[in-house]
Amino acid sequence: MMYDNENMTHPATVEMTPDINNIKIWIETFGSNKEDCIILISGAMAPATFWNDEFCQSLSERHFFIRFDNRDYGYSTHFKEQDPPPYSIYDMVEDVRAILDYHAVGTAHIIGHSLGGSIAQLFAVRYPHRTKSLIPISSPIIAKGDLEYKDTPPDVTSPLWEILMSNKMYQDYERGKDEFVRIYKALNGDYEMDTGIAHSYIKRMYETEYIKPHLNHTNIQRNIPDIFEKLGMLQCPILFIYGERDYLPANAHNTKLLANALHNASCFIINGAGHMFFNQTIWQTLTKTISEFINQIYLTEKL
(Lines give C-alpha, C1' and ligand atoms only; values in the text may rest on other atoms or scores of the structure.)
Protein backbone atom coordinates (compact mmCIF):
# COMPACT_ATOMS: atom_id res chain seq x y z
CA MET A 1 0.00 0.00 0.00
CA MET A 2 1.01 3.68 -0.33
CA TYR A 3 1.15 4.46 3.34
CA ASP A 4 2.78 3.34 6.56
CA ASN A 5 -0.28 2.96 8.76
CA GLU A 6 1.75 2.80 11.97
CA ASN A 7 3.18 6.27 11.38
CA MET A 8 -0.12 7.92 10.51
CA THR A 9 -1.51 10.58 12.84
CA HIS A 10 -4.96 9.10 12.31
CA PRO A 11 -4.46 5.42 11.40
CA ALA A 12 -6.65 4.23 8.56
CA THR A 13 -9.10 1.35 8.71
CA VAL A 14 -9.18 -0.89 5.66
CA GLU A 15 -12.02 -3.32 5.02
CA MET A 16 -13.79 -5.25 2.29
CA THR A 17 -17.53 -4.78 2.63
CA PRO A 18 -19.98 -7.63 2.73
CA ASP A 19 -22.09 -7.75 -0.40
CA ILE A 20 -23.73 -4.39 -1.06
CA ASN A 21 -25.55 -4.02 -4.35
CA ASN A 22 -24.46 -7.63 -4.93
CA ILE A 23 -20.75 -6.71 -5.02
CA LYS A 24 -17.86 -6.28 -2.61
CA ILE A 25 -16.25 -2.85 -2.25
CA TRP A 26 -12.80 -2.12 -0.82
CA ILE A 27 -13.06 0.80 1.61
CA GLU A 28 -10.56 2.77 3.67
CA THR A 29 -11.65 5.18 6.38
CA PHE A 30 -9.89 7.87 8.43
CA GLY A 31 -11.08 9.73 11.49
CA SER A 32 -14.17 9.05 13.60
CA ASN A 33 -16.53 12.04 13.45
CA LYS A 34 -19.41 10.58 11.46
CA GLU A 35 -21.45 13.74 11.97
CA ASP A 36 -19.01 15.39 9.54
CA CYS A 37 -18.34 12.83 6.83
CA ILE A 38 -16.47 13.31 3.58
CA ILE A 39 -16.67 10.61 0.91
CA LEU A 40 -14.22 10.62 -1.98
CA ILE A 41 -15.12 9.11 -5.37
CA SER A 42 -12.26 8.30 -7.74
CA GLY A 43 -12.39 8.60 -11.50
CA ALA A 44 -12.34 6.03 -14.27
CA MET A 45 -9.49 3.55 -14.03
CA ALA A 46 -8.34 5.13 -10.77
CA PRO A 47 -7.88 3.37 -7.42
CA ALA A 48 -8.97 4.83 -4.10
CA THR A 49 -5.39 5.92 -3.50
CA PHE A 50 -5.74 8.59 -6.16
CA TRP A 51 -6.70 10.63 -3.09
CA ASN A 52 -3.38 11.61 -1.55
CA ASP A 53 -2.61 10.23 1.93
CA GLU A 54 -1.63 13.61 3.40
CA PHE A 55 -4.83 15.12 2.00
CA CYS A 56 -6.92 12.43 3.69
CA GLN A 57 -4.96 12.68 6.93
CA SER A 58 -5.24 16.45 7.14
CA LEU A 59 -8.99 16.59 6.61
CA SER A 60 -9.69 13.57 8.83
CA GLU A 61 -8.68 15.61 11.90
CA ARG A 62 -12.24 16.97 11.91
CA HIS A 63 -14.09 14.56 9.63
CA PHE A 64 -14.87 10.91 9.07
CA PHE A 65 -13.19 10.30 5.75
CA ILE A 66 -14.03 7.53 3.25
CA ARG A 67 -12.12 6.59 0.12
CA PHE A 68 -12.90 3.41 -1.80
CA ASP A 69 -12.17 1.44 -4.95
CA ASN A 70 -15.01 1.87 -7.42
CA ARG A 71 -16.74 -1.24 -8.66
CA ASP A 72 -14.78 -2.89 -11.47
CA TYR A 73 -11.45 -1.55 -10.24
CA GLY A 74 -8.82 -2.07 -7.58
CA TYR A 75 -9.75 -4.58 -4.88
CA SER A 76 -13.49 -4.21 -5.47
CA THR A 77 -15.54 -6.66 -7.54
CA HIS A 78 -14.55 -6.78 -11.21
CA PHE A 79 -16.83 -7.38 -14.19
CA LYS A 80 -16.40 -8.77 -17.66
CA GLU A 81 -16.14 -6.07 -20.31
CA GLN A 82 -19.32 -5.79 -22.34
CA ASP A 83 -21.00 -3.29 -24.62
CA PRO A 84 -23.39 -2.14 -23.30
CA PRO A 85 -21.61 -2.36 -19.92
CA PRO A 86 -22.89 -4.80 -17.27
CA TYR A 87 -23.76 -1.89 -14.95
CA SER A 88 -24.69 1.77 -15.28
CA ILE A 89 -23.35 4.98 -13.79
CA TYR A 90 -26.44 4.95 -11.58
CA ASP A 91 -25.30 1.63 -10.09
CA MET A 92 -22.12 3.47 -9.09
CA VAL A 93 -24.26 6.22 -7.55
CA GLU A 94 -26.03 3.53 -5.54
CA ASP A 95 -22.64 2.16 -4.45
CA VAL A 96 -21.94 5.54 -2.81
CA ARG A 97 -25.30 5.46 -1.07
CA ALA A 98 -24.69 1.89 0.10
CA ILE A 99 -21.24 2.76 1.48
CA LEU A 100 -22.73 5.60 3.53
CA ASP A 101 -25.45 3.23 4.77
CA TYR A 102 -22.85 0.60 5.65
CA HIS A 103 -21.06 3.13 7.86
CA ALA A 104 -24.32 4.50 9.31
CA VAL A 105 -23.64 7.94 7.86
CA GLY A 106 -26.70 10.09 7.22
CA THR A 107 -25.26 13.04 5.32
CA ALA A 108 -21.87 13.74 3.79
CA HIS A 109 -19.80 16.12 1.73
CA ILE A 110 -19.67 14.42 -1.68
CA ILE A 111 -16.36 14.88 -3.52
CA GLY A 112 -15.50 13.24 -6.83
CA HIS A 113 -12.74 13.48 -9.42
CA SER A 114 -13.33 13.09 -13.17
CA LEU A 115 -15.87 10.25 -13.59
CA GLY A 116 -16.19 10.47 -9.81
CA GLY A 117 -17.28 14.09 -10.26
CA SER A 118 -20.14 12.94 -12.48
CA ILE A 119 -21.11 10.27 -9.95
CA ALA A 120 -21.02 12.89 -7.18
CA GLN A 121 -23.35 15.22 -9.09
CA LEU A 122 -25.78 12.40 -9.90
CA PHE A 123 -25.75 11.34 -6.24
CA ALA A 124 -26.54 14.88 -5.11
CA VAL A 125 -29.55 15.26 -7.40
CA ARG A 126 -30.84 11.79 -6.48
CA TYR A 127 -30.18 12.14 -2.73
CA PRO A 128 -30.23 15.89 -1.98
CA HIS A 129 -31.23 15.23 1.64
CA ARG A 130 -27.99 13.29 2.16
CA THR A 131 -25.69 15.83 0.51
CA LYS A 132 -24.08 18.47 2.78
CA SER A 133 -22.06 19.89 -0.07
CA LEU A 134 -21.04 18.86 -3.57
CA ILE A 135 -17.47 19.21 -4.85
CA PRO A 136 -16.86 17.95 -8.42
CA ILE A 137 -13.16 18.10 -9.33
CA SER A 138 -11.93 17.90 -12.94
CA SER A 139 -15.42 16.72 -13.83
CA PRO A 140 -17.08 16.32 -17.21
CA ILE A 141 -19.91 18.73 -17.91
CA ILE A 142 -23.16 16.81 -17.41
CA ALA A 143 -25.30 19.89 -16.75
CA LYS A 144 -25.92 21.49 -20.12
CA GLY A 145 -28.95 23.78 -19.93
CA ASP A 146 -28.81 26.33 -22.73
CA LEU A 147 -25.27 27.44 -21.93
CA GLU A 148 -22.93 28.19 -24.82
CA TYR A 149 -20.01 25.92 -24.01
CA LYS A 150 -16.83 26.19 -26.05
CA ASP A 151 -14.98 23.12 -27.29
CA THR A 152 -11.27 22.99 -26.56
CA PRO A 153 -9.43 23.61 -29.86
CA PRO A 154 -8.22 20.43 -31.66
CA ASP A 155 -4.66 21.76 -31.73
CA VAL A 156 -4.75 21.39 -27.94
CA THR A 157 -6.68 18.12 -27.58
CA SER A 158 -5.21 16.14 -30.50
CA PRO A 159 -1.58 16.12 -29.26
CA LEU A 160 -2.83 15.24 -25.77
CA TRP A 161 -4.83 12.26 -26.99
CA GLU A 162 -1.91 11.15 -29.14
CA ILE A 163 0.20 10.91 -25.99
CA LEU A 164 -2.56 9.17 -24.01
CA MET A 165 -3.10 6.54 -26.70
CA SER A 166 0.62 5.81 -27.05
CA ASN A 167 0.86 3.81 -23.80
CA LYS A 168 2.30 0.39 -24.66
CA MET A 169 0.34 -1.18 -21.79
CA TYR A 170 3.13 -3.38 -20.45
CA GLN A 171 1.82 -5.94 -17.97
CA ASP A 172 4.75 -5.77 -15.53
CA TYR A 173 5.28 -2.79 -13.28
CA GLU A 174 9.00 -2.27 -13.94
CA ARG A 175 8.45 -1.93 -17.69
CA GLY A 176 5.12 -0.16 -17.44
CA LYS A 177 5.80 2.53 -14.86
CA ASP A 178 7.84 4.72 -17.21
CA GLU A 179 5.06 4.57 -19.80
CA PHE A 180 2.54 5.82 -17.27
CA VAL A 181 4.90 8.49 -15.91
CA ARG A 182 5.38 9.80 -19.46
CA ILE A 183 1.62 10.03 -19.93
CA TYR A 184 0.92 11.47 -16.49
CA LYS A 185 3.45 14.23 -17.12
CA ALA A 186 1.18 15.35 -19.98
CA LEU A 187 -1.76 15.40 -17.54
CA ASN A 188 0.09 17.16 -14.70
CA GLY A 189 -0.15 20.64 -16.17
CA ASP A 190 2.68 23.04 -15.46
CA TYR A 191 3.63 21.40 -12.17
CA GLU A 192 6.78 19.37 -11.70
CA MET A 193 6.04 15.65 -11.61
CA ASP A 194 6.56 14.09 -8.17
CA THR A 195 7.68 10.63 -9.27
CA GLY A 196 7.28 9.25 -5.77
CA ILE A 197 3.55 10.02 -5.77
CA ALA A 198 3.25 8.77 -9.35
CA HIS A 199 5.10 5.49 -8.74
CA SER A 200 2.97 4.70 -5.67
CA TYR A 201 -0.19 5.35 -7.66
CA ILE A 202 0.97 3.25 -10.61
CA LYS A 203 2.12 0.39 -8.37
CA ARG A 204 -1.32 0.25 -6.75
CA MET A 205 -2.84 -0.12 -10.25
CA TYR A 206 -0.53 -3.00 -11.07
CA GLU A 207 -1.49 -4.81 -7.87
CA THR A 208 -5.00 -5.53 -9.16
CA GLU A 209 -5.35 -4.76 -12.86
CA TYR A 210 -4.67 -6.27 -16.24
CA ILE A 211 -3.33 -3.10 -17.85
CA LYS A 212 -5.60 -2.03 -20.69
CA PRO A 213 -8.21 0.63 -21.52
CA HIS A 214 -11.22 0.28 -19.20
CA LEU A 215 -14.17 0.21 -21.58
CA ASN A 216 -16.84 -0.33 -18.93
CA HIS A 217 -15.86 2.81 -17.01
CA THR A 218 -15.68 4.70 -20.30
CA ASN A 219 -18.96 3.52 -21.77
CA ILE A 220 -21.15 4.11 -18.72
CA GLN A 221 -20.59 7.83 -19.30
CA ARG A 222 -22.57 7.83 -22.54
CA ASN A 223 -26.01 9.44 -22.74
CA ILE A 224 -26.20 10.89 -19.22
CA PRO A 225 -29.35 13.08 -19.09
CA ASP A 226 -28.93 16.83 -18.61
CA ILE A 227 -29.08 17.65 -14.87
CA PHE A 228 -28.75 21.44 -15.12
CA GLU A 229 -32.17 22.22 -13.63
CA LYS A 230 -31.77 19.65 -10.85
CA LEU A 231 -28.35 21.03 -9.87
CA GLY A 232 -29.87 24.49 -9.64
CA MET A 233 -32.58 23.18 -7.32
CA LEU A 234 -30.12 21.80 -4.78
CA GLN A 235 -30.08 23.52 -1.40
CA CYS A 236 -26.49 22.52 -0.67
CA PRO A 237 -23.54 24.63 -1.85
CA ILE A 238 -21.52 23.42 -4.83
CA LEU A 239 -17.83 24.02 -5.47
CA PHE A 240 -16.46 23.11 -8.89
CA ILE A 241 -12.68 22.70 -8.89
CA TYR A 242 -10.83 22.53 -12.18
CA GLY A 243 -7.25 22.72 -13.41
CA GLU A 244 -6.33 25.62 -15.67
CA ARG A 245 -4.44 23.20 -17.96
CA ASP A 246 -6.96 20.37 -17.83
CA TYR A 247 -8.40 19.67 -21.29
CA LEU A 248 -9.43 16.06 -20.78
CA PRO A 249 -13.12 15.91 -19.79
CA ALA A 250 -13.98 19.61 -20.19
CA ASN A 251 -12.04 22.85 -19.77
CA ALA A 252 -11.72 25.64 -17.22
CA HIS A 253 -13.81 28.08 -19.26
CA ASN A 254 -16.82 25.76 -19.43
CA THR A 255 -16.56 24.85 -15.76
CA LYS A 256 -16.59 28.53 -14.76
CA LEU A 257 -19.50 29.15 -17.13
CA LEU A 258 -21.53 26.39 -15.46
CA ALA A 259 -20.71 27.54 -11.93
CA ASN A 260 -21.66 31.14 -12.75
CA ALA A 261 -25.01 29.97 -14.12
CA LEU A 262 -25.99 28.20 -10.89
CA HIS A 263 -27.11 30.32 -7.93
CA ASN A 264 -25.70 27.80 -5.45
CA ALA A 265 -22.30 27.20 -7.07
CA SER A 266 -18.83 28.66 -7.12
CA CYS A 267 -15.68 27.70 -8.99
CA PHE A 268 -12.02 27.50 -8.08
CA ILE A 269 -9.48 27.18 -10.88
CA ILE A 270 -6.10 25.74 -9.89
CA ASN A 271 -3.56 27.81 -11.80
CA GLY A 272 -1.34 25.66 -13.98
CA ALA A 273 -2.89 22.35 -12.90
CA GLY A 274 -3.85 19.57 -15.28
CA HIS A 275 -6.16 16.61 -14.90
CA MET A 276 -3.92 14.61 -12.56
CA PHE A 277 -2.28 15.78 -9.37
CA PHE A 278 1.19 14.26 -9.05
CA ASN A 279 2.56 17.14 -7.05
CA GLN A 280 2.28 17.81 -3.32
CA THR A 281 1.69 21.54 -3.84
CA ILE A 282 -1.51 20.77 -5.77
CA TRP A 283 -2.74 18.57 -2.92
CA GLN A 284 -1.94 21.32 -0.41
CA THR A 285 -3.99 23.72 -2.53
CA LEU A 286 -6.88 21.25 -2.62
CA THR A 287 -6.70 20.73 1.14
CA LYS A 288 -6.79 24.48 1.82
CA THR A 289 -9.55 25.18 -0.72
CA ILE A 290 -11.84 22.37 0.43
CA SER A 291 -11.23 23.08 4.13
CA GLU A 292 -12.13 26.76 3.70
CA PHE A 293 -15.22 25.86 1.66
CA ILE A 294 -16.53 23.39 4.25
CA ASN A 295 -15.65 25.69 7.16
CA GLN A 296 -17.63 28.50 5.52
CA ILE A 297 -20.64 26.17 5.34
CA TYR A 298 -20.44 25.58 9.09
CA LEU A 299 -20.09 29.29 9.82
CA THR A 300 -23.11 30.06 7.63
CA GLU A 301 -25.18 27.40 9.38
CA LYS A 302 -24.42 28.98 12.77
CA LEU A 303 -25.66 32.41 11.74
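Residues numbered from 1 in each chain as written. Predicted model: local features only at pLDDT ≥ 70, side-chain atom pairs only at ≥ 80, totals over all residues. Heavy atoms only, no water.

(A) Broad picture of the sheet that holds strand β4 (residues 64-68). Read across the sheet, eight strands follow the order β1-β2-β4-β3-β5-β6-β7-β8 without closing on themselves; strand pairing throughout is mixed. Edge positions in the sheet fall to β1 (13-16) and β8 (265-270), since each of these pairs with one other strand and no more. Across the sheet, the mean angle separating the axes of adjacent strands is 20 degrees when strand polarity is ignored. Two elements, strand β3 (residues 37-41) and β4, share four bridges in a ladder whose sense is parallel. Considered in β4, the bridge of C37 is made with F64. Lying on the sheet, helix α3 (residues 115-126) is in contact with β3, β5 (108-113), β6 (131-137) and β7 (238-243); it crosses β5 at an angle near 145 degrees. (Pairing = 2+ DSSP bridges. Helix = DSSP H or I, 4+ residues; strand = E, 2+ residues; numbered from the N terminus. Axes fitted to C-alpha atoms, helices over the stretch in contact; angles between N-to-C directions. Contact = heavy atoms within 4.5 Å.)

(B) Representation of unusual backbone geometry in the model. Note the cis peptide between D83 and P84, where omega equals 5 degrees. Relative to the elements of secondary structure, P84 occurs in the loop between β4 and α2 (89-102). One non-glycine residue, N21, lies in the positive phi region at around 55 degrees. If you check the backbone angles, M45 has positive phi at about 55 degrees while not being a glycine. Residue position: M45 is located in the loop between β3 and α1 (53-59). Residue M45 is classed as partly exposed on the basis of its relative accessible area of 30%. (Buried < 20%, exposed > 50% of the residue type's maximum accessible area, 1.4 Å probe, protein only.)

(C) Molecular detail of the pattern of salt bridges. Per the stated rule, a full pass over the model turns up 17 salt bridges. Among the salt bridges present, the one from R130 reaches D101, with a minimum N-O distance of 2.7 Å. In this pair, R130 sits in the loop between α3 and β6 while D101 sits in helix α2, placing the two residues 29 residues apart along the sequence. Accessibility expressed as a relative area gives 11% for R130, which makes it buried. Where K177 meets E174, a salt bridge forms, and the shortest distance between an N and an O atom there is 3.3 Å. Of this pair, K177 and E174 both sit in helix α5 (residues 173-187), separated by three residues, roughly a single helical turn. Relative accessible area serves as the criterion here: at 52%, E174 is assigned to the exposed category. (Salt bridge = Lys/Arg side-chain N within 4 Å of Asp/Glu carboxyl O.)

(D) Quick peek at the layout of surface pockets. The computed volume of the largest pocket comes to approximately 1,200 Å³. Residue lining of the largest pocket: 46 residues in total, with A44, M45, W161, T218 and L248 positioned closest to the centre. For the lining of the largest pocket, the secondary structure elements donating two or more residues are α3, α4 (154-164), α5, α6 (195-208) and α7 (215-219). Of all the elements, α5 adds the most residues to the lining of the largest pocket, at four residues. Grouping the amino acids of the lining of the largest pocket by side-chain chemistry returns 29 nonpolar, 11 polar and six charged. (1 Å grid on protein atoms, 1.4 Å probe; cavity = no way out; pocket = protein on both sides within 12 Å on 5 of 7 lines; lining within 4 Å. Points joined across faces, edges and corners; volume = space filled by probe spheres on them. Nonpolar A, V, L, I, M, F, W, Y, C, P; charged D, E, K, R; others polar.)

(E) Quick peek at helix α9 (residues 252-261). Among all positions of α9, only A252, N254, T255, L258 and A259 are buried. Down the axis, α9 shows its buried residues gathered within 165 degrees of arc, on one side only. Residues of α9 that are buried sit in contact with α8 (228-233), β7 and β8. Sitting at the head of α9, N251 places a side-chain oxygen 3.2 Å from the backbone nitrogen of H253. (Arc of directions from axis to C-beta. Polar contact = N/O pair within 3.5 Å; in protein donor to acceptor, adjacent residues only side chain to side chain.)

(F) Main features of empty space enclosed by the protein. For the structure shown, the criterion picks out one cavity of 30 Å³ or more. Estimated volume of the largest cavity: approximately 70 Å³. Lining the largest cavity are 11 residues, with F50, I197, F277, F278 and W283 sitting closest to its centre. Of the residues that constitute the lining of the largest cavity, the class distribution is nine nonpolar, two polar and no charged.

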